[in-house]
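Residue-level listing of the chains:
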Amino acid sequence: MLTASRLGKRYGDKRVLRGIDLELPRGGFLMVTGPNGSGKTTLLRICAGLARATEGKLSVEASRGAIGYLAHEPLVYRELSALENLELYGKLYRIPERRERIGMLLERYGLWDVRHDRVVSYSRGMTQRLALCRVLLHEPELLVLDEPFTALDAAGAELLDAQLAELHGERTVLVSTHDPDRVAPLATARLALA
Amino acid sequence: MRYFADVRALARKDLLLELRAKDTLPAMLLFVVATFVVFHFSLPEHSSRLAASGLLWVAILFTALLGLGRAFVPEQEQRVLDGLVLAPCDRSAIWLAKGIATLAFLVAAEAVALPVFSLFFHGLRGATVAAVLLADVGICAVGTFLGAMAVATRARDLLLPLLFLPLAIPIVVGGVGAGVVADPGKYLAFLGLYDAMFALLCWASFEYVVTE
């Protein structure tokens with residue numbers, strides 16, 4: 001599903017990623033760890049197709065519409081409601097029966113009762129839950145999750161644990177995390193950036 | 001057909017955001033009316049119609065710039081542009097939808113501004129109104145494209161006018177020309193040609209603006 005060879009990235013004179021080799025088969029689960037500034041986000045952005053590597057080669061066997069990317073920011077409009085945001089993405093991703101899918105995700109992530117409220121009124125944890133709904137909406141083949149547990153409370157984190165366990169083996173997953181113990185039981189591959 | 005469904009969904013979102021936040025249109029309206037008031041008092045009492053016609057285009061251009069500067073702010077705030085760029089739709093749909101929404105705001109501002117101009121200065125000919133509408137299309141096509149470029153930089157507020165104003169000179173030439181000559185046909189055709197050429201160029205190259 002994902003093969004990288006000597007992957008690197010420079011921003012001008014600054015090198016943020018160097019010599020990454022990885023191979024992740026379909027259904028694999030890669031855990032990426034490393035301190036702040038080690039290039040985790042850059043690597044994930046490259047894998048999601050949002051940035052280009054300046055060195056090496058990357059091959060991703062998933063089309064743009066089959067990738068789900070969770071960033072540090074939720075990638076949702078603050079002045080729209082959860083429902084309006086997911087409706088917009090649902091239309092752009094041409095999801096069949098999107099209303100049912102959106103309803104199911106909002107219910108599962110505990111946002112159904114606030115679905116008509118504007119995102120600006122949400123807490124950081126609720127916004128992160130909505131971001132997860134956005135990522136899962138189109139049932140992507142490749143999930144690229146950049147520190148997905150950030151801002152989630154215990155209940156939210158448990159929901160995500162359950163979701164990842166459900167997707168394990170069925171979808172290909174890349175997760176960067178500062179909490180390796182949480183994700184390690186699911187990981188089929190590990191990459192530690194320095 | 002799917003392309004236009006994407007454009008409709010994205011443009012509808014932009015109009016809804018403006019309806020909620022009221023960030024752009026009220027500012028454009030206040031700015032254009034205030035500009036005419038300032039011009040009214042700064043022009044000598046018996047100034048020519050030609051001078052006033054020139055000021056109309058200055059006001060329109062800077063009002064548009066105000067709207068264009070805010071066009072991609074909602075996308076920038078939460079990096080939503082990344083989310084839109086990842087969606088499997090043609091990326092030019094993002095440009096077209098944003099252009100349509102900005103055009104709607106500009107036309108709405110002008111619906112108030114043109115009568116105010118008539119009140120303060122002189123009545124407007126049909127050719128001038130037609131020129132304004134044609135110019136709006138070109139302004140929004142080019143301005144939306146440049147707005148997407150500028151929003152990715154730290155010097156957004158500086159970069160957009162620096163890039164946009166030189167490209168808007170033909171619009172001013174066509175607009176002023178159509179408003180003052182007896183036969184405005186060739187100036188209106190010039191504006192139409194500008195619109196078609198730049199819209200095509202921006203449509204075709206927008207993908208390279210929003211991807212690294």
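Predicted model only: the values in this text are computed from it and were never measured.

## Description of the environment of Gly156 of chain A
Residue and element names in this part refer to chain A.
Thinking step 1. Position of Gly156 among the secondary structure elements: in helix α5 (residues 154-167).
Thinking step 2. Overall, the presence of 19 C-beta atoms within 10 Å leaves Gly156 in the partly exposed class.
Thinking step 3. Taking the C-alpha atoms as reference points, Gly156 and Gln128, 28 residues apart in sequence, are found 9.0 Å from one another.
Thinking step 4. The contacts of Gly156, once residues within four sequence positions are left out, are Gly125, Gln128 and Arg129.

## A look at the interface of chain A and chain B
Thinking step 1. Contact with chain A, which involves 24 residues of that partner, is made by 21 residues of chain B.
Thinking step 2. Counting only elements with at least two residues in the side of chain A that touches chain B, the list comes to β5 (67-70) and α2 (82-92) of chain A.
Thinking step 3. In terms of residues, the side of chain A that touches chain B owes the most to one element, α2 of chain A, which gives four residues.
Thinking step 4. Tallied by class, residues from the side of chain A that touches chain B come to 15 nonpolar, three polar and six charged.

## Concerning the sheet that holds strand β2 (residues 14-24) of chain A
All names here are of chain A.
Thinking step 1. The strand order across the open sheet formed by three strands is β2-β1-β4, and the pairing between neighbours is antiparallel. Every interior strand has two partners, whereas the edge strands, β2 and β4 (55-60), have only one. Recorded for the sheet is a direction-independent mean angle of 25 degrees between the axes of neighbouring strands.
Thinking step 2. Sheet analysis places strand β1 (residues 2-11) next to β4, joined by five bridges and oriented antiparallel. What sits directly across from Leu2, in β4, is Val60.

## Concerning the packing of helix α2 (residues 25-42) of chain B against helix α6 (residues 92-120) of chain B
Residues and elements named next belong to chain B.
Thinking step 1. One way to put it is that α2 packs onto α6 with a least axis distance of 9 Å and a crossing angle of 20 degrees. Taken together, α2 and α6 sit at an angle that is classed as roughly parallel. Helix-helix and strand crossings are classified by hand; for α2 and α6 the assignment is right-handed. Here Leu25, Met28, Leu29, Val32, Val33, Phe36 and His40 of α2 lie close against α6, whose contacting residues are Phe105, Ala108, Ala109, Val112, Ala113, Val116, Phe117 and Phe120.
Thinking step 2. Partitioning the contact of α2 with α6 into residue classes produces 14 nonpolar, one polar and no charged.

Parameters at a glance
- Here the residue numbers are simple positions, counted from 1 along each chain's written sequence.
- Note on labels: chains are lettered from A, ligands numbered from 1, in written order.
- The predicted nature of this model means local features are confined to residues of pLDDT at least 70 and side-chain atom pairs, given and counted, to a pLDDT of 80 or more, with totals for whole chains, interfaces and linings taken over all residues.
- In this text, helices come from DSSP runs of H or I with a minimum length of four residues, and strands from runs of E with a minimum of two, each type numbered from the N-terminal end.
- Burial in this document is a count-based property: other C-beta atoms within 10 Å of a residue's C-beta are tallied, and the residue is buried at 20 or more, exposed at 12 or fewer, or partly exposed in between, with C-beta positions derived from the backbone.
- Contact between residues is assigned whenever the C-beta positions, reconstructed from backbone atoms, fall within 7 Å.
- Gly falls in the polar group here, along with every residue not listed as nonpolar (Ala, Val, Leu, Ile, Met, Phe, Trp, Tyr, Cys, Pro) or charged (Asp, Glu, Lys, Arg).
- Strands were regarded as paired on the criterion that DSSP finds at least two bridges between them.
- The angle between two axes is taken between their N-to-C directions and runs from 0 to 180 degrees, where each axis is a line fitted to C-alpha atoms and a helix contributes only its stretch in contact.
- Working rule for angles: under 35 degrees goes down as roughly parallel, over 145 as roughly antiparallel, 65 to 115 as roughly perpendicular, anything else as oblique.
- When the near helix sits turned anticlockwise from the far one by under a right angle, the crossing is termed left-handed; a clockwise turn instead gives a right-handed crossing.

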